[in-house]
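# Chains, contacts and geometry: an overview
Each chain, letter by letter, is given below.
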Amino acid sequence: MNSPAAPATGPVHEDLARLSLVDHHCHGVITADLAPETFQSLITEGDVWPASGITPFDSPVGIAIRRHCAPLLDLPRHAPPTEYLARRAELGWREVSRRFLADAGTDVFCVDTGYRPDRLTTPAELAAVAGRPAAVAYEVVRLEAVAEALAAEGVEPDEYASLFADAAREAIEERGAVAVKSVAAYRTGFDLDPSRPSDADVTEAARRWLASGRTGGTTAVAEEGPHTRPRLDEPVLVRHLLWTAVDLGLPLQLHTGFGDNDIRMHRVDPTRLTDWLHLTSGTIPVLLLHCWPYQRQAAYLATVFEQVYFDLGLTLHHVGPVRARAILEEALEITPFRKLLHSSDAYGIAEFHHLGALAFRRGLAGLLQDRVDADELSLPDALRIAVWTGRDNACRVYGLSP
Ligand SMILES: [Zn+2]
């Protein structure tokens, strides 16, 4: 049996290593050279510990960066963090990003443009960085950002519902978006009344929310400087947002599980969406993102609900290539093979577009190859599962041509 982290051999490994991936949920890279502290804050979902001298490099993802990213910057494997950061600064963000994105072997990016505290590449810029001729990017519209922009412009409570839907439709059309996204997990979690709120309830909730002046999300817009926006965390309006997604008709990406400490982890178990999934059955595809530590719950939902799909974005690079296989094995215990997709959920640094792809390819190839070697799976079936998961499932859900 191949060691999961070592370069492994066998036809499934070779096929997956060559496969042009669809990264169905990611973000752009920061278009600036990063101070060491900024880079280190970007490689953790947690707080940093600067006074201790211990950095976020001392974590599974930090070890994975030193092992698997350092060689692409012409450094030895396991290069120390200081050398890594110095070499990164020497090469500059554009060359660093080019190397990682070229090596990731991803040709389709679905880019969530809703979270932008930094100046990031646009979807088209992200696709162009690697210089891969076939690379394309599509946009994913974050619905909370649409609602918050509407509130910032000023809206009457009784017009909120219709103007929000209009603004979302306009954003989708203008940007040629292939999906919408919600961060309801961050705002209320999934302990929501699953039913569609009445018009009167939405108007009343909009009145409360607009009058509350609650602020939270800071948005740095290069031309305007940082400013604050209302933060959509009103439970009826979050519920309304999810139902608006159903009306919009595009696939809905939903953050679940792993995220920074703004999450209340016990409220973002995707099985808490079960009643809502019953009510929305037969409508839009729902894509559960990240999922850890609820990958088995997500797998269950994807198995029993026709409209549910999921991925392990963010999770696979944070656990690193060694552990990625175990997470993928749990994700695939009972799941129909058309339901799991690849994403990196990389944000800000191209190391994560690269590591996400690497962990996915190696983890999936390792588990499929072993099943082929044990004669529990035929080679043609293994190759088909690899291509479906890395590319074709996303193409089917989003209507993209492979
Ligand atoms: Zn994301």
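Up top is the structure.
Note on numbering: residues in each chain are counted from 1, in written sequence order. Predicted model: local features are reported for residues with pLDDT of at least 70 only, side-chain atom pairs are reported and counted for 80 or more only, and whole-chain, interface and lining totals are derived from all residues. Heavy atoms throughout the structure, all of them, feed into the side-chain values; hydrogens and water do not.

### Comments concerning the overall build of the chain
Each helix is a run of H or I in the DSSP string that is no shorter than four residues. Each strand is a run of E no shorter than two, and both are numbered from the N terminus. Along its length, the chain carries 16 helices and 10 strands. Along the first, second and third principal axes, the C-alpha atoms of the chain reach 60 × 50 × 40 Å. By residue count, 55% of the 402 residues in the chain fall in the buried class. When checking whether two residues touch, look at their non-hydrogen atoms; a contact exists if any pair is within 4.5 Å. Residue pairs at least 24 apart in sequence account for 76% of intrachain contacts in the chain once pairs closer than 6 positions are excluded. Side-chain charges in the chain split into 38 positive and 55 negative, and the spacing between the mean points of these groups amounts to 4 Å. Burial classes: relative accessible area under 20% of the type maximum marks a residue as buried, over 50% as exposed, and values in between as partly exposed (1.4 Å probe, protein chains only). In this count, Lys and Arg are taken as positive residues and Asp and Glu as negative ones, while His and the chain termini are left out. The atom standing in for a charge is NZ when the residue is Lys, CZ when it is Arg, CG when it is Asp and CD when it is Glu.

### Let's talk about the nonpolar core
With 79 residues, the main nonpolar core has Tyr160, Val180, Trp276, Leu288, Phe310 and Leu368 as its most contacted residues. Apart from the residues within four sequence positions on either side, Phe310 is in contact with Leu288, Cys291, Gln295, Ala298, Ala299, Ala302, Ala331, Thr335, Lys339, Leu340 and Leu341. We call a set of buried Ala, Val, Leu, Ile, Met, Phe, Trp, Tyr and Cys residues a nonpolar core when their side-chain atoms join them within 4.5 Å. Grouped together as the second largest cluster of nonpolar side chains are 38 residues, Trp93, Leu120, Leu126 and Tyr347 included.

### Re helix H13 (residues 295–304)
For H13, every residue scored as buried is listed here: Gln295, Ala298, Ala299, Leu301 and Ala302. Along H13, the residues classed as buried sweep out an arc of 165 degrees about the axis, all on the same side. Buried residues along H13 sit in contact with helix H12 (274–279), strand E8 (286–290), strand E9 (308–311) and helix H14 (315–331). By definition, the arc is the one covered by directions from the helix axis to the C-beta atoms.

### Quick look at the packing of helix H7 (residues 143–153) against helix H8 (residues 160–175)
Running from N to C, H7 and H8 point in directions that differ by 125 degrees, and their axes come no closer than 9 Å. Taken together, the axis directions place H7 and H8 in an arrangement best described as oblique. In the crossing of H7 with H8, the sense of the turn from one axis to the other is right-handed. Along its contact with H7, which presents Leu143, Val146, Ala147 and Leu150, the element H8 presents Tyr160, Leu163, Phe164, Ala167 and Ala168. Taken together, the residues that form the contact of H7 with H8 break down as 9 nonpolar, no polar and no charged. For helices, the fitted line uses only the C-alpha atoms of the stretch in contact; every axis is such a line through C-alpha atoms, and the angle between N-to-C directions lies from 0 to 180 degrees. Here roughly perpendicular refers to angles of 65 to 115 degrees, roughly parallel to angles under 35, roughly antiparallel to angles over 145, and oblique to all remaining angles. Left-handed describes a crossing in which the near helix is turned anticlockwise from the far one by less than a right angle; the clockwise case is right-handed. Polar here means any residue outside two lists: the nonpolar Ala, Val, Leu, Ile, Met, Phe, Trp, Tyr, Cys and Pro, and the charged Asp, Glu, Lys and Arg; Gly therefore counts as polar.

### Description of the sheet that holds strand E4 (residues 179–182)
For two strands to pair, DSSP has to find at least two bridges joining them. Taken in spatial order, the 8 strands make up an open sheet running E1-E2-E3-E4-E7-E8-E9-E10, and their pairing is parallel. Of all strands in the sheet, those bounded by a partner on one side alone are strand E1 (21–26) and strand E10 (340–341). For E8 and E9, the ladder comprises 3 bridges, and the chain directions are parallel. Across the sheet, the residue bridging to Leu287 is Tyr309, located in E9.

### Re the pattern of salt bridges
Any carboxyl oxygen of Asp or Glu that lies within 4 Å of a side-chain nitrogen of Lys or Arg is treated as forming a salt bridge with it. Taken as a whole and judged by the stated rule, the model has 26 salt bridges. In this structure, the salt-bridge partner of Arg239 is Asp193, at a minimum N-O distance of 3.5 Å. With Arg239 in helix H11 (residues 235–248) and Asp193 in the loop between helix H9 (184–187) and helix H10 (199–212), the pair connects residues that are 46 residues apart, well separated along the chain. Under the relative-accessibility criterion, Arg239 is labelled buried at 10%. Among the salt bridges present, the one from Asp381 reaches Arg384, with a minimum N-O distance of 2.9 Å.

### Regarding H11
Every helix has an expected span of 1.5 Å times one less than the residues it contains. With 14 residues, H11 extends 20 Å from end C-alpha to end C-alpha; this agrees with the ideal 20 Å at 1.5 Å per step. The element H11 is largely enclosed, with a buried count of 12 among its 14 residues. Residues Val236, Leu237, Val238, Arg239, His240, Leu241, Leu242, Trp243, Thr244, Ala245, Val246 and Leu248 constitute the buried set of H11. Polar contacts, as counted here, are pairs of nitrogen or oxygen atoms within 3.5 Å of one another; within protein the pair requires one atom able to donate a hydrogen and one able to accept it, and residues that are adjacent in sequence qualify only if both atoms are side-chain atoms. By the N-cap criterion, in which a side-chain oxygen at the helix start approaches the backbone nitrogen of a residue two or three places on, H11 is capped by Glu234, the distance to Val236 being 2.8 Å. Where H11 terminates, the next one or two residues include Gly249, which has phi positive at roughly 90 degrees.

### With respect to a nonpolar patch on the surface
Judged by side-chain polarity, Tyr300, Val304 and Ile334 come together as a nonpolar surface patch covering roughly 280 Å² of accessible area. The topology assignment puts Tyr300 in helix H13. Residues qualify for a patch when their relative accessible area is over 30% and they have no salt bridge, like charges being joined within 9 Å and the nonpolar side chains of Val, Leu, Ile, Met, Phe, Trp and Tyr within 5 Å. Per-residue and other accessible areas were derived by the Shrake-Rupley procedure at a 1.4 Å probe size, with only the shown protein chains allowed to occlude residues.

### A word on the environment of Arg196
On the secondary structure map, Arg196 appears in the loop between H9 and H10. Sequence separation of Arg196 and Arg239 is 43 residues, and the distance between their C-alpha atoms is 7.2 Å. For Arg196, the contacting residues outside a window of four places in its chain are Arg239, Trp243 and Asp247. Among the polar contacts listed, one links the side chain of Arg196 to the side chain of Asp247, at a separation of 2.8 Å.

### Description of the coordination of the zinc ion
Donor atoms (N, O, S) are those found within 2.8 Å of the metal centre, with the cutoff raised to 3.2 Å for Na, K and Ca; water is not part of the atom list, so apparent gaps in a site can occur. Binding of the zinc ion to the protein goes through His25 (NE2), His27 (NE2) and Asp345 (OD), at separations of 2.0 to 2.1 Å. In the primary sequence, the donor residues of the zinc ion line up as H-x1-H-x317-D. You can see His25 sitting in strand E1 and its partner Asp345 sitting in the loop between E10 and helix H15 (350–373), a full 320 residues away along the chain. Taken as a pair, His25 and Asp345 share a single burial class, namely buried.

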